[in-house]
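# Breakdown of the fold
Here are the chains, one letter per residue:
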Amino acid sequence: MCLKLNSKLVGIIGGGQLGMMLAEAIKKLGGRVIGLDPNHHCSITHVCDEFICASYDDEEALRALCEKSDVVTYEFENIKGEHLKMLNEEYNIKQGIQSLIDSQDRLTEKNTARKFGLKTARFFKCDNEADLVDAINNLGYPALYKTRTEGYDGHGQVLIKSKEDLAKVRPYFNTNAKGIVEEFIKFDYEASVIMIGDNKKIVSLPVGHNIHKEGILDICEVPFDGVKDIEAAMKEASKGFMRKAGYKGILCIEYFIKDGEFYFNEMAPRPHNSGHYSIEALDYSQYDLFARYLLDMTYDEPKLLHKAIMKNILGRDLINVDYYLTQAPGFLHMYFKEEAREKRKMGHITFLDMDLKTFMEIEKGIE
């Protein structure tokens, strides 16, 4: 790929770690970054050239960001769609906003996945008691209730294992929350495909094996032997879905894998935690590729240089960082967050040329 530098100013709505690492990639290419976030001390402030502290629904501030920027993107998917619709008509949000809007509603998201060729678990709309009863009558136990909007890292979800668990869902109806109930798949693995591009060209990262704890990504393994026979099919189906849906920019699709079949779980139209390993393990990371896309530069299919294990560091894991790094050489990335809450993502470590079995042996030293 051409190494010519680019001096464009990129506006990033959202100032978390994803925005910070994207900003680092943009600046490596000669670009400049202006960030917007409601937190004065968010991660992106450590690397951006300019910063606007404002809420995501501050129309004046959003316009100020867009007016200054050559191109605008977002690293946070819960920005209200109505605000971005207005901006998308007037400014250069190169990836558009349709993938963002579709991803904000689980019912729309799953219907879109099915419409454009991806298999999902069975699911039913669940906005009230009658919907809940109908869903359970069709699906049986166990089943999974999820709010349609603003659910992340396990929030807004209820595993319904028996009739008694229905009581855990009913409080959502009191808040007028809309939801879905989906079939519970006892999957073999969770995996993700991260893609960058548009209808002209889409590239993808290797399929990563994701391991969650309490609904939060804990470990990502690449390459993943569990998809050796279906990786090409997963990538082809994912790229086909992105093209047919008309999505552009960056998209991560998370899948459940069961008996050699892959089922769409959810998607995110932004850089993804499961792609952090790519900073060291690929010739071009997800951030490098997306930065090149935003800056109208060339980009190619990335190459895997090392097998890798990425470990998410939550607030509760900070005490173990030194232990991990004494057990094996690793690349530590911290996110400069002031408050270390138990389940808050504070950083990550990537270990190269390590397999999952070796990492699990290291983990035993903590237990």
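For the structure, check the block above.
Computed from a predicted structure; not experimentally measured.

Attention now goes to the sheet that holds strand E3 (residues 50–53). If you trace the four strands from one edge of the open sheet to the other, you get E3-E2-E1-E4, paired in parallel fashion. Here the strands that pair on one side only, and so sit at the sheet edges, are E3 and strand E4 (71–74). Ignoring which end each strand starts from, the neighbouring axes of this sheet average 20° apart. Taken together, the four bridges between strand E1 (residues 9–13) and E4 define a ladder with parallel strand orientation. Bridging across to E4, Ile12 finds its partner in Thr73. Where helix H1 (residues 17–28) meets the sheet, it contacts E1, strand E2 (32–37) and E4, and its direction lies at approximately 175° from that of E1. Its contacts with the sheet place helix H2 (residues 59–68) against E1, E2, E3 and E4, and it is angled at close to 175° to E2.

With 15 residues, helix H8 (residues 231–245) extends 21 Å from end C-alpha to end C-alpha; this agrees with the ideal 21 Å at 1.5 Å per step. Within the span of H8, buried status applies to Met234, Lys235, Ser238, Lys239, Gly240, Phe241, Met242 and Ala245. Downstream of H8 by one or two residues, Gly246 has phi in the positive range, about 75°.

Spatially, E5-E8-E6-E7 is the arrangement adopted by the four strands of the open sheet, whose pairing is antiparallel. Edge positions in the sheet fall to strand E5 (123–126) and strand E7 (157–160), since each has one partner strand and no second. The average angle at which neighbouring strand axes cross in this sheet is 20°, direction not considered. Across four bridges, strand E6 (residues 143–147) lies against E7 in antiparallel orientation. For Lys146, the partnering residue across the bridge sits in E7 and is Gln157. Where helix H6 (residues 129–139) meets the sheet, its contacts fall on E5, E6, E7 and strand E8 (179–183), and the angle it forms with E5 comes to roughly 165°. Its contacts with the sheet put helix H7 (residues 166–174) on E5, E6 and E7, and the angle it makes with E7 is roughly 150°.

Geometry of an aromatic ring pair is reported as the spacing of the ring centres plus the angle between the planes. For the coordinates displayed, the defined rule picks out twelve aromatic pairs. A ring pair is formed by Tyr56 and Phe76, whose centres lie 5.0 Å apart and whose planes are at 25°; its orientation type is stacked. On the criterion of sequence distance, the pair formed by Tyr56 in the loop between E3 and H2 and Phe76 in the loop between E4 and helix H3 (81–90) is long-range, its members being 20 residues apart. Note on Phe76: relative accessible area 28%, which makes it partly exposed. A centroid spacing of 4.6 Å and a plane angle of 5° characterise the contact between Phe187 and Phe256, whose relative ring orientation is stacked. Of this pair, Phe187 sits in the loop between E8 and strand E9 (189–197) while Phe256 sits in strand E13 (residues 249–258), and the two are 69 residues apart along the sequence. Here Phe256 falls in the buried class, since its relative accessible area comes to 12%. Here the basic side chain of Lys201 rests over the ring of Tyr299, its NZ or CZ set 5.2 Å away from the ring centre.

Reading the values: the criteria
Residues numbered from 1 in each chain as written. Predicted model: local features only at pLDDT ≥ 70, side-chain atom pairs only at ≥ 80, totals over all residues. Heavy atoms only, no water. Pairing = 2+ DSSP bridges. Helix = DSSP H or I, 4+ residues; strand = E, 2+ residues; numbered from the N terminus. Axes fitted to C-alpha atoms, helices over the stretch in contact; angles between N-to-C directions. Contact = heavy atoms within 4.5 Å. Expected span 1.5 Å × (residues − 1). Buried < 20%, exposed > 50% of the residue type's maximum accessible area, 1.4 Å probe, protein only. Phe/Tyr/Trp six-rings, centres within 6.5 Å; stacked < 30°, edge-to-face > 60°. Lys NZ or Arg CZ within 6 Å of the ring centre and 35° of its normal.

By themselves these figures say nothing about function.
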